[in-house]
Amino acid sequence: MNTLTLYPRFSADRLKEALVDTPVVLIHGPRQTGKTTLAKLVGEPLGYSYFSFDDPVLSNAAESDPVGFIDGLPDKSILDEIQKVPGLFGRDFRTSESVLRLIHKPIYQRGRTLTA
């Protein structure tokens, strides 16, 4: 019988600490190293909702209306595979303003984002 071995996530405590005073935390590293697992293990118990841009419906929604997409996110969000939607952080000022509203809680009273 195959059982899934979950290796310890030594960065979990650092991630929790970062989320206390940092509105956006980027988890970055090579493929298949546990970035998504880390984000979910830390974020979900803290009330973060998970969104993956591997989902073509979600990707298309973010690409077609980046401002509306950002505005519609829950205050605490995990955005996975964000590199698949480069237009989300494009040149359009309104999009950039929406992203800033999402990530700068002290200024705009919005939530936090984990990006895996």
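Our subject in this report is the structure included herewith. Values in this document were obtained by computation on a predicted structure and should not be read as measured data.

So, about the overall build of the chain. When its secondary structure is counted, the chain shows six helices and four strands. Along its sequence from the N terminus, the chain presents helices and strands in the succession α-β-α-β-α-α-β-α-α-β. The buried share of the chain, taken over its 116 residues, is 36%. Contacts spanning at least 24 positions in sequence make up 68% of the contacts within the chain whose residues lie at least 6 apart. Summed over all atoms, the accessible surface of the chain reaches about 7500 Å², with 55% contributed by carbon and sulfur.

Considering all chains together, one arrives at one aromatic pair under this definition. For the ring pair F53 and F69, a centre distance of 5.6 Å and an interplane angle of 50° mean the geometry is tilted. Taken together, the residues span a long stretch of sequence, with F53 in the loop between strand 2 (49-52) and helix 3 (56-64) and F69 in helix 4 (residues 66-71) at a distance of 16 residues. Exposure class is identical for F53 and F69. Each is buried.

Attention now goes to unusual backbone geometry. Here the phi dihedral of Q32 falls at roughly 60°; this positive angle occurs in a residue that is not glycine. Take Q32: it is sitting in the loop between strand 1 (24-26) and helix 2 (35-43). Since its relative accessible area comes to 75%, Q32 is described here as exposed. Look at E81: it is not a glycine, yet its phi comes out positive at around 60°. Note that E81 resides in the loop between strand 3 (76-80) and helix 5 (93-103).

We now examine the pairing of strand 3. Burial within strand 3 is extensive, with four of its five residues counted as buried. As paired elements, strand 2 and strand 3 share four bridges and run parallel to each other. Opposite S52, over in strand 3, you have D80 as the bridge partner.

A few words now on the side chain of S59. Along the chain, S59 falls in helix 3. Among the polar contacts listed, one links the side chain of S59 to the backbone oxygen of F53, at a separation of 2.6 Å. The contacts of S59, once residues within four sequence positions are left out, are F53 and V85.

Moving on, we come to the environment of D54. The topology assignment puts D54 in the loop between strand 2 and helix 3. For D54 and I82, which are 28 residues apart along the polypeptide, the C-alpha to C-alpha distance reads 9.0 Å. Every residue in contact with D54, bar those within four places of it in the chain, is listed here: E81 and K84.

Rules behind the numbers
Residues numbered from 1 in each chain as written. Predicted model: local features only at pLDDT ≥ 70, side-chain atom pairs only at ≥ 80, totals over all residues. Heavy atoms only, no water. Helix = DSSP H or I, 4+ residues; strand = E, 2+ residues; numbered from the N terminus. Buried < 20%, exposed > 50% of the residue type's maximum accessible area, 1.4 Å probe, protein only. Contact = heavy atoms within 4.5 Å. Areas by Shrake-Rupley, 256 points an atom, 1.4 Å probe, with all protein chains shown as cover. Phe/Tyr/Trp six-rings, centres within 6.5 Å; stacked < 30°, edge-to-face > 60°. Pairing = 2+ DSSP bridges. Polar contact = N/O pair within 3.5 Å; in protein donor to acceptor, adjacent residues only side chain to side chain.

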